[in-house]
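Overview (structure and organization)
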Amino acid sequence: MKLLVTGGAGFIGTNFVYHILAAHPEDEIVVLDKLTYAGNIENIAPVRNDPRFRFVKGDICDAAIVDDLVKHADAVVHFAAESHVDRSIKDASPFVMTNVVGTQTLLDACRRNGNVRFHHVSTDEVFGSLGQRGMFSETSPYDPRSPYSASKAAADHLVRAAWHTHALPVTISNCSNNYGPYQFPEKLIPLCITHLLENKKIPIYGDGMNVRDWLAVEDHCRGVDLALRHGRMGETYCFGGRSERTNSEIAQRILREMGCGRERMEFVTDRQGHDRRYAIDFSKAEKEFGWSPETPFLHGLRKTIDWYKANVDWWKNIQNGTYREYDELQSISK
C-alpha cells in the first residue's frame, strides 16, 4: 500500500511512520508536513535512507501540492493538526485554517483522484467533558469546549459528510491522551519530565483533579493501522488506554519515578474552559478488529521517562529553537 501520511513529522505521525515501516515491509510512505513548531524534521531523519520513505515539506491547505501527492496514494492517513488547547485559546485562526480548511482540501483531492481511501485521526476532546461516571464512545454527542476541539469537531463532520454525500471511503478515529517518544514538551507528561531534568517545578493547572485516559502512542498507531485496513467505511472507532489518571496523579508518579519530592509541584491558574474528565469506551474496535491497549501505563511511562533522559539534545534543541531546519536535511527527500 502507498500511504500519504500528513503531519508525519509530528508526535503521533512520527510514531505511525515507524510502526508502518516495521509492520508492513511492502508499504511505501510519503510524509507531508509543514514543519511548524511541532513538526520536527529530526524525528524522521533516521529513515531518510529507507527506499520506502519520502518526505515533502508542504501545507495541507495547498491544493496543488496535496493533489499531486494524493494522485499517487492508495490511502491518506491524516494526522496533521494544530493541537494545543492553550495556543487555540490565544489564537484560534491557525486551528481553523489547518484543522478545518486543510482537512477539506485533502478530502477534495481524494475525490478528484478516484475516491482515495481516507482515514482521519481525531480526539476525544470533541465530545466535551464527562462527569464522574460514563465514557465516551462512537455514539457520544459532540460538545467541544475549546477552539481546538471545535476545529477538530468541524473536521470530523466534514469527513463524515464526504462519506454520506460523495461516498468517499473514509474512517475516523477518536483517541484519548497519547504519551510516548517525540511528544512536544508543552504537553503534560513530557513537560513534567523535562522540567524535573532541568531542576524546575512542575506546573499543575487548577486543583490537579482533571482526569485523562492515557494511551501509549504505539498502541494508538496500531489502532489506526487496523482501522485503515479493516475498518468499515463511514464508521468511527474510539481508542483509549483504559488508564484514567488525574493530572496530579500523573505528576506525583513522575516525581516518584525520577526520585523527586512533592515540593517540586506547583499549582497554577487553571486553563479557561478546562474539561474535567475524559474516558474512552473502545469496545467497538475490540469487537470488530481485536484492538485493545497492550502497554501498561507504568511500563509505558517509565519507557517515556527513559526516552527523554536519553534524548536531552532533542528536547533542548526544541526549547532553544536550534534544531536543524529542513534545508539542512534536504537529503531526506528522494
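Residues numbered from 1 in each chain as written. Predicted model: local features only at pLDDT ≥ 70, side-chain atom pairs only at ≥ 80, totals over all residues. Heavy atoms only, no water.

1. So, the packing of helix H7 (residues 188-197) against helix H11 (residues 297-310)
Where H7 contacts H11, the axes come no closer than 10 Å and their chain directions differ by 50 degrees. The angle between the axes of H7 and H11 places the two elements in the oblique class. Here the hand of the crossing between H7 and H11 comes out right-handed. Here H7 contributes Ile-189, Pro-190, Ile-193, Thr-194 and Leu-197 to the contact with H11, which in turn contributes Phe-297, Leu-301, Thr-304, Ile-305, Tyr-308 and Lys-309. Of the residues assigned to the contact of H7 with H11, the class counts are 8 nonpolar, 2 polar and 1 charged. (Axes fitted to C-alpha atoms, helices over the stretch in contact; angles between N-to-C directions. Helix = DSSP H or I, 4+ residues; strand = E, 2+ residues; numbered from the N terminus. Parallel < 35°, antiparallel > 145°, perpendicular 65-115°, else oblique. Left-handed = near helix turned anticlockwise from the far one by under 90°. Contact = heavy atoms within 4.5 Å. Nonpolar A, V, L, I, M, F, W, Y, C, P; charged D, E, K, R; others polar.)

2. What about the sheet that holds strand E4 (residues 75-78)?
Pairing within the open sheet is parallel, and its 7 strands lie in the order E3-E2-E1-E4-E5-E6-E10. Edge positions in the sheet fall to strand E3 (53-57) and strand E10 (236-239), since each has one partner strand and no second. Each strand of the sheet is rotated relative to its neighbour by a mean of 20 degrees, with strand direction disregarded. Bridge count between strand E1 (residues 2-6) and strand E2 (residues 28-33): 5 bridges; the pairing is parallel. Each residue of the ladder has a partner; that of Lys-2, found in E2, is Glu-28. Its contacts with the sheet put helix H1 (residues 11-23) on E1, E2, E3 and E4, and the angle it makes with E2 is roughly 170 degrees. Of the strands in this sheet, E1, E4, strand E5 (117-123), strand E6 (170-175) and E10 touch helix H8 (residues 217-230), which is tilted by about 145 degrees from E5. (Pairing = 2+ DSSP bridges.)

3. Points about the nonpolar core
Side chains of a nonpolar character, in soluble globular proteins, are inclined to be buried together. Counting residues in hydrophobic clusters, the biggest one holds 52 residues, and the most contacted among them are Phe-16, Ile-189 and Ile-254. In this structure, Phe-16 is in contact with Leu-3, Val-5, Val-77, Phe-79, Cys-221, Val-224 and Asp-225, ignoring residues within four places of it in sequence. Formed by 22 residues, the second largest nonpolar core is a distinct cluster that contains Leu-32, Val-66, Ala-73 and Val-76. (Core = buried A, V, L, I, M, F, W, Y, C linked by side-chain atoms within 4.5 Å. Buried < 20%, exposed > 50% of the residue type's maximum accessible area, 1.4 Å probe, protein only.)

4. Here's the deal with the sheet that holds strand E9 (residues 211-216)
Sheets are built from strands that pair by backbone hydrogen bonding, the pairs being arranged parallel or antiparallel. With mixed pairing, 3 strands are arranged side by side in an open sheet as E7-E9-E11. In this open sheet, the two edge strands, each paired with only one partner strand, are strand E7 (177-179) and strand E11 (244-246). Strand-to-strand twist of the sheet, defined as the mean angle between neighbouring strand axes without regard to direction, takes the value 50 degrees. By the bridge criterion, 3 bridges tie E7 to E9 in an arrangement that is parallel. Residue Asn-178 lies in a different strand from E9, and its bridge partner there is Leu-215. H11 contacts E7, E9 and E11 of the sheet and is inclined by roughly 50 degrees relative to E7.

5. What about the side chain of Glu-82?
With respect to the secondary-structure elements, Glu-82 resides in the loop between E4 and helix H4 (85-90). For the buried Glu-82, no salt bridge exists, and the shortest N-O distance to an oppositely charged side chain is 6.3 Å, to Lys-34. (Lys, Arg positive; Asp, Glu negative; His and termini not counted. Salt bridge = Lys/Arg side-chain N within 4 Å of Asp/Glu carboxyl O.)

6. Brief notes about the packing of H1 against H8
Where H1 contacts H8, the axes come no closer than 9 Å and their chain directions differ by 65 degrees. Between H1 and H8, the angle falls in the class roughly perpendicular. Between H1 and H8 lies a crossing of right-handed hand. Contacts between H1 and H8 pair Phe-11, Ile-12, Asn-15, Phe-16, His-19 and Ile-20 from the former with Val-217, His-220, Cys-221, Arg-222, Val-224, Asp-225 and Arg-229 from the latter. For the contact of H1 with H8, the per-class residue count stands at 7 nonpolar, 3 polar and 3 charged.

7. Quick notes on the side chain of Asn-210
With respect to the element layout, Asn-210 can be found in the loop between strand E8 (202-205) and E9. Separated by 3.5 Å, the side chains of Asn-210 and His-274 make a polar contact. Once you skip the residues sitting within four places of it in the chain, Asn-210 turns out to touch Tyr-205, Arg-245, Thr-246, Asn-247, His-274, Asp-275 and Arg-276. (Polar contact = N/O pair within 3.5 Å; in protein donor to acceptor, adjacent residues only side chain to side chain.)

8. A closer look at the packing of aromatic side chains
Aromatic ring pairs: the centre-centre distance and the angle between the two ring planes describe each pair. Taken as a whole, this structure holds 17 aromatic pairs when the rule is applied. Note on Phe-127 and Tyr-142: the rings are 5.3 Å apart at their centroids and 80 degrees apart in plane angle, and the pair reads as edge-to-face. In this pair, Phe-127 sits in the loop between E5 and helix H6 (147-166) while Tyr-142 sits in the loop between E5 and H6, placing the two residues 15 residues apart along the sequence. Here a set of aromatic residues connected by ring pairs shows up, and it is made of Tyr-18, Tyr-182, Trp-307, Tyr-308 and Trp-314. Here the guanidinium or amino end of Arg-212 rests over the ring plane of Tyr-278, the centre of that ring lying 3.8 Å away. The ring of Tyr-237 has Lys-284 lying over it, and the distance from NZ or CZ to the ring centre is 4.9 Å. (Phe/Tyr/Trp six-rings, centres within 6.5 Å; stacked < 30°, edge-to-face > 60°. Lys NZ or Arg CZ within 6 Å of the ring centre and 35° of its normal.)

9. Remarks on the confidence of the model for the protein chain
Of the residues in the protein chain, 96% reach a pLDDT of 70 or more, and the chain-wide mean stands at 93. When the criterion is pLDDT under 50, residues 326-334 qualifies, and its contacts beyond four places in sequence or with other chains add up to 22 contacts. (pLDDT = per-residue confidence, 0-100.)

10. Some remarks on the environment of Asp-67
Within the fold, Asp-67 resides in helix H3 (residues 63-70). Not counting the four nearest positions on each side in its chain, Asp-67 is found in contact with Ala-109, Arg-112 and Asn-113. Polar contacts involving the side chain of Asp-67 include one to the side chain of Asn-113, which spans 2.9 Å.

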